[in-house]
Amino acid sequence: MRSAAGARVAGSAAAVVVVVAALAGCSGGAGAPDASAASPTDTTAAPAFAIDQDFADPDVLVHDGTAYAFATNTPGFLVRSATSTNMRDWTVSESDALEALPAWAQPGRTWAPEVAEVSPGAFVLYLTAQDAASGRQCIGTATSSSPGGPFAPASGTALVCPVEAGGAIDAATFRDDDGSLHLLWKTDGNCCDLDTWIETAPLSADGLSLTGPPVQLLKQDRAWEGALVEAPDLVKRDGVYVLFFSANDYGGDDYAIGTATGSSLTAPFTSQEKPFLTSASKAGTFHGPGGQNVVTFDGRDWLVFHSWDDAYAYRGMLVRPLTWDGATPVLG
């Protein structure tokens, strides 16, 4: 998942170039899932990391032929970042993408960044951090005139901070066909024995404020999801809203990626009975795939997500081709 992302951190802070060998194919516990309980998406090769170091909860922004990836904090960094010009070869930056935490936040738990171009030359980073006043995770904003940052805090108050629901994490943006911009997030109820909800609300044109009340789209209601759903990422295909999300315990093999569909952003979505991608596959094994992002680059769709390494020391970033059968995603 994205929440509790700072709980296991490792990897080098040095700049590296890493290559995907082949583009084919919140809290503890590393028990292997029952492969018979789901029909996981098959892959055609064993997993190969695009970024083989700690780079969890990846979000990718494409701008002028370059892909900019952002990830959860690691030691010495508030927000990790990397770039690619082909979705295969990635250079991890030695610089922090976030200049400083906003005044409302305290260090140590800066999770799951999302970067959006809200207007030409104006970029907003939506960050999850710990609210100093309540101790809950909340979502704030930072801005930059460059897609790669550095980003500077845009407000001294959090944008989304529902303390009574356990806080909020895992911001994602979505631009609808009419040009309207929307924010999605997860209420972090699993922190305190509450339900978790994926919610959405419309954003102002500058991306810095909500212009309407939140709508609840999805909560955990499938056995494979365990106690939570999180890490929303929304796309629209064939007139259908397709929501990708992660569910279950991020710290082990039960974590998985699911999908849900809806006909509008003002009504609940329906999740699929079985996950889209699990740790068990017919031709390889992931370890807790999640934190996904659907990215369109050079006319093709890609699924960017994280998975634990074999030693469960860090979550590296993976990139796989994504195709569609109508509104049904298919991992290549």
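Here the structure is a predicted model, which is why all the values come from computation and not from measurement. (Residues numbered from 1 in each chain as written. Predicted model: local features only at pLDDT ≥ 70, side-chain atom pairs only at ≥ 80, totals over all residues. Heavy atoms only, no water.)

**Remarks on the overall build of the protein**
The helix and strand tally for the protein stands at zero helices and 23 strands. Taking all 332 residues of the protein together, the buried fraction comes to 56%. If you sum the accessible surface of the protein, you get close to 12000 Å²; carbon and sulfur atoms cover 50% of it. (Helix = DSSP H or I, 4+ residues; strand = E, 2+ residues; numbered from the N terminus. Buried < 20%, exposed > 50% of the residue type's maximum accessible area, 1.4 Å probe, protein only. Areas by Shrake-Rupley, 256 points an atom, 1.4 Å probe, with all protein chains shown as cover.)

**Section: the confidence of the model for the protein**
Per-residue pLDDT for the protein averages 88, and the proportion of residues at 70 or more is 85%. Low pLDDT, under 50, characterises residues 1-46; the predicted model gives this stretch 160 contacts beyond four residues in sequence or across chains. (pLDDT = per-residue confidence, 0-100. Contact = heavy atoms within 4.5 Å.)

**Comments concerning the sheet that holds strand 6 (residues 105-119)**
Here four strands make up an open sheet; going across it, the order is 6-7-8-9 and the pairing antiparallel. The open sheet has two edge strands with one neighbour each: strand 6 and strand 9 (152-153). Across eight bridges, the pairing between strand 7 (residues 122-131) and strand 8 (residues 137-144) is antiparallel. Opposite Phe123, over in strand 8, you have Ser144 as the bridge partner. (Pairing = 2+ DSSP bridges.)

**Brief notes about the layout of surface pockets**
If you add up the space inside the largest pocket, you get close to 580 Å³. Around the largest pocket, the lining comprises 22 residues; the ones closest to its centre are Val60, Thr173, Phe174, Arg175 and Val294. Taken together, the elements giving at least two residues each to the lining of the largest pocket come down to strand 2 (59-63), strand 6, strand 10 (168-175), strand 14 (229-237) and strand 20 (290-297). Along the lines of polarity and charge, the residues of the lining of the largest pocket split into eleven nonpolar, three polar and eight charged. (1 Å grid on protein atoms, 1.4 Å probe; cavity = no way out; pocket = protein on both sides within 12 Å on 5 of 7 lines; lining within 4 Å. Points joined across faces, edges and corners; volume = space filled by probe spheres on them. Nonpolar A, V, L, I, M, F, W, Y, C, P; charged D, E, K, R; others polar.)

**Brief notes about the state of the cysteines**
Applying the stated rule across the entire model yields one disulfide. There is a disulfide in this structure between Cys138 and Cys161, and the S-S distance comes to 2.0 Å. The disulfide joining Cys138 to Cys161 has a torsion of about 45° about its S-S bond and is therefore right-handed. With Cys138 in strand 8 and Cys161 in the loop between strand 9 and strand 10, this residue pair connects regions lying 23 residues apart in the sequence. Looking at Cys161, the relative accessible area reads 29%, which means it is partly exposed. (Disulfide = S-S within 2.5 Å.)

**Remarks on the side chain of Thr66**
Looking at where Thr66 falls in the secondary structure, it is placed in strand 3 (residues 66-71). With residues near it in sequence (within four places) discarded, Thr66 still touches Leu61, Thr83, Ser84, Thr85 and Phe297.

**Considerations on the packing of aromatic side chains**
Considering all chains together, one arrives at nine aromatic pairs under this definition. With a centroid separation of 6.2 Å and an interplanar angle of 90°, the aromatic rings of Phe244 and Trp324 are classed as edge-to-face. Remark: Trp324 occurs in strand 22 (residues 315-325) and Phe244 occurs in strand 15 (residues 240-247); sequence separation between them is 80 residues. Taking relative accessible area as the criterion, Trp324 reaches 22% and is therefore assigned partly exposed. (Phe/Tyr/Trp six-rings, centres within 6.5 Å; stacked < 30°, edge-to-face > 60°.)

**What about the sheet that holds strand 22?**
Within the open sheet, the four strands sit side by side as 20-21-22-23. Their pairing is antiparallel. Each end of this open sheet is capped by a strand with a single partner; those strands are strand 20 and strand 23 (328-331). The average undirected angle you get between the axes of adjacent strands in this sheet is 35°. Bridge analysis of strand 21 (residues 300-308) against strand 22 gives eight bridges, and the strand direction is antiparallel. Bridge pairing in strand 22 links Ser307 to Gly316. (Axes fitted to C-alpha atoms, helices over the stretch in contact; angles between N-to-C directions.)

**A closer look at the pattern of salt bridges**
Side chains that carry opposite charge are capable of pairing whenever their charged atoms lie near each other. Counted under the stated rule, the structure contains six salt bridges. The salt bridge partner of Lys186 is Asp188, with a shortest N-O separation of 2.8 Å. We classify Asp188 as buried; its relative accessible area is 4%. (Salt bridge = Lys/Arg side-chain N within 4 Å of Asp/Glu carboxyl O.)

**Some thoughts on the environment of Arg175**
Tracing the chain through its elements places Arg175 in strand 10. The class of Arg175 is partly exposed, set by a relative accessible area of 39%. Once the C-alpha coordinates of Arg175 and Leu234 are considered, the two residues, 59 residues apart in sequence, prove to be 9.2 Å apart. A polar atom in the side chain of Arg175 sits 3.3 Å from the backbone oxygen of Val118. (Polar contact = N/O pair within 3.5 Å; in protein donor to acceptor, adjacent residues only side chain to side chain.)

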